[in-house]
Structure formats: C-alpha cells, structure tokens
Amino acid sequence: MPLSPNPYAALKEASQYVRLFRGKTFVVKVGGEVLSEPKIRKALCEQLALLWSFSIRVVLVHGGGAELDAVCTAMGIPIQKVAGRRVTSPEILDAAKMVFAGQVHMDLLAELQAAGVPAVGLTGVDAGLVKAHKRPPVAVIPDGATEPQLVDFGLVGDIDSVDPQVLSHLLDGGFVPVVAPLSGGGDGAIYNTNADTIAASLAAALGAEKLFFLLSVPGLLKDVSRSSSLIPQATLDELATYEAKGVISGGMRPKIAAVKTAIEGGVANVHLVSGLAPDALLAEVFTNEGSGTMIVGTAPAAVAG
C-alpha cells in the first residue's frame, strides 16, 4: 500500500536532473575536515558513486589541512596561517607531500574503490596537470585587521597553467580522477597549492557544469554561529557585499576567491554544501530545494508576467 499520495514524486523529481546532467562534468572539492572521519568519508564516497553511476563525469580534488596540522604538531613544525592561507616552509612542504599524496590520498582512493568507483589518484605534478611558480611576497589584510601586511607564503605555488588532458583521458575511460593539491614548477620544484584554487582552475579548464565545495558547515552563512543563517543563493556582487561586511573570513576567504575564479572562467554554478550532513551533496544536485548555497555570476533576469 502506498505510504504517501505519490511515493514516486521524489524519484520523478530526481530523474529530470539525472537526464540534465548525464555526461556533464562535476568537479568536487572536499577538505580534510570532512575526510578525517571514516564514517563521513564513506558516506561521501557513496554519494560520489551514485553520481558516477548516473554517467556524471566526476573529478575529485581533496585538501587535508586538518591532517597536515596534526602531522606538523606531532613533528614540532610551527604552523602559520594568514587570511586562511598556509605559510609553507620546506619542512611543511615535506609533511604536505606525506599527507596529501599519502595518507589522505590513499584512504580516499580505498574508500572510493570500496564504493565501486574506479578511482585513479593524481597530483598536480602528474602529466603537467597543474604548473605553478613560487608565490612572491604579497600584501594581505589579515582577519580582523584594516591595514595590509607583506606576507611571504614560502613554498606556495601560484598557478601558471592547467593542462587537463590527462583528466579528459581518464574521464573518457570511465574513471574518476582524484587530485591532491601539489603543483609542479618548470624547474622541477614542487609547491603546496591551495586545493580550492586547483579545483576552480580545473573546473574552468574542463568546462565543468558545476563546481562543489564540501564544507564542515551547511554553506555560506550570514552568522557563522547559526546554521539557520544559510544563504541559499548569491551572485558575485552579493559576495563582494558580504566580504565588505566581514561575513566572509578565515578559511572561507580562499574558497570565495576560488568561486570567483571558477565563475569568471566559465563555470555556470558553484555550490557550497555540507560534507557532513547525510546526502547533502545529492540533495543539492537532485532536488529543487537544494541543501547549501548556489553561487552564480549574475541574478537571472526576471520573466515578465
């Protein structure tokens, strides 16, 4: 006996999105705060497996800042961050190689394989995927400050170019590329490069339909202490207003910079979604209501009635 007037309504709603996105490319960036808990990591991989089973071409980019902090603390390596971005000393770069291309990478690949996803692990160094140069000292306004200060971020790479050819080959073969946030210099150097920035650059280079940032919060919040203050949709102009009001701070600052990079690079929609809430990614993709914050370049024009 049916449990509701139309028990298939949700399936019908989802099916329209399945048809719409079949064969399209989604880039999904997930941070270490989501990956560090095994149960949450497993649930995420099951969501990605469903996207893949619907013939959506998925590229996963991961961070691992929380794990890197833990390793640095255990090794007695000082940690410094300015405006949400890490200062990378030679010692921190060595730790980043161990964490990003080792521990976090392998755990994620194994969980995806267990979910039935043919995942392939890469870094930005592989096949010249992400080429970068050492970031020169830059003027940054730290959180809570009003005056800029000159900051040397160390062995951090600013992206020069992205060659997505290796990703395209893998996607065409039905694989899910998993990219760790390390980049290569033309001189053989290796750099720590912000995973949000890499995800945005890859999404633009691949002509992705959507870019997702999976967070430890429900999305962009007007008040970080209240999850009920979720902003369901915003334009780039509205983001600028939120920045001026101080709504965007800390680790959200590089994410919003990456959002701008993606949209200006041709990605139509960028989504900030919880990586902790059950099936939040699927709700954002396959329901009319969504679950997080969708960011677009400009607001859609009003239709005359």
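Higher on the page you've got the structure.
Residues numbered from 1 in each chain as written. Predicted model: local features only at pLDDT ≥ 70, side-chain atom pairs only at ≥ 80, totals over all residues. Heavy atoms only, no water.

Student: I'd love a proper account of the sheet that holds strand S5 (residues 119-123), names of residues and values included.
Tutor: Sheet architecture is open: eight strands sit in the order S5-S10-S2-S1-S13-S15-S16-S14, paired in mixed fashion. The sheet terminates laterally at S5 and strand S14 (233-235), the two strands that pair on one side only. Strand-to-strand, the axes of this sheet are offset by a mean angle of 20 degrees, without reference to chain direction. Two elements, strand S1 (residues 25-30) and strand S13 (residues 210-215), share five bridges in a ladder whose sense is parallel. Counterpart to Lys 29 in the pairing with S13 is Phe 213. (Pairing = 2+ DSSP bridges. Helix = DSSP H or I, 4+ residues; strand = E, 2+ residues; numbered from the N terminus. Axes fitted to C-alpha atoms, helices over the stretch in contact; angles between N-to-C directions.)

Student: Hey, could you go over the layout of surface pockets for me, with residue numbers and the actual values?
Tutor: Of the voids in this model, the largest pocket is the one considered here, and its volume is about 810 Å³. In terms of lining, the largest pocket is formed by 37 residues, of which the most central are Gly 84, Asn 194, Asp 196, Gly 251 and Lys 255. Elements with a minimum of two residues in the lining of the largest pocket: helix H2 (32-35), helix H4 (65-75), strand S4 (85-86), helix H7 (195-206) and helix H9 (252-264). Per-element tally for the lining of the largest pocket: the top contributor is H4, with four residues. Tallied by class, residues from the lining of the largest pocket come to 15 nonpolar, 13 polar and nine charged. (1 Å grid on protein atoms, 1.4 Å probe; cavity = no way out; pocket = protein on both sides within 12 Å on 5 of 7 lines; lining within 4 Å. Points joined across faces, edges and corners; volume = space filled by probe spheres on them. Nonpolar A, V, L, I, M, F, W, Y, C, P; charged D, E, K, R; others polar.)

Student: Can you explain unusual backbone geometry? Please cite residues and give values.
Tutor: Its identity is not glycine, yet Ala 127 carries a phi of approximately 55 degrees, on the positive side. Within the fold, Ala 127 resides in the loop between S5 and strand S6 (130-134). Here Ala 127 falls in the exposed class, since its relative accessible area comes to 58%. (Buried < 20%, exposed > 50% of the residue type's maximum accessible area, 1.4 Å probe, protein only.)

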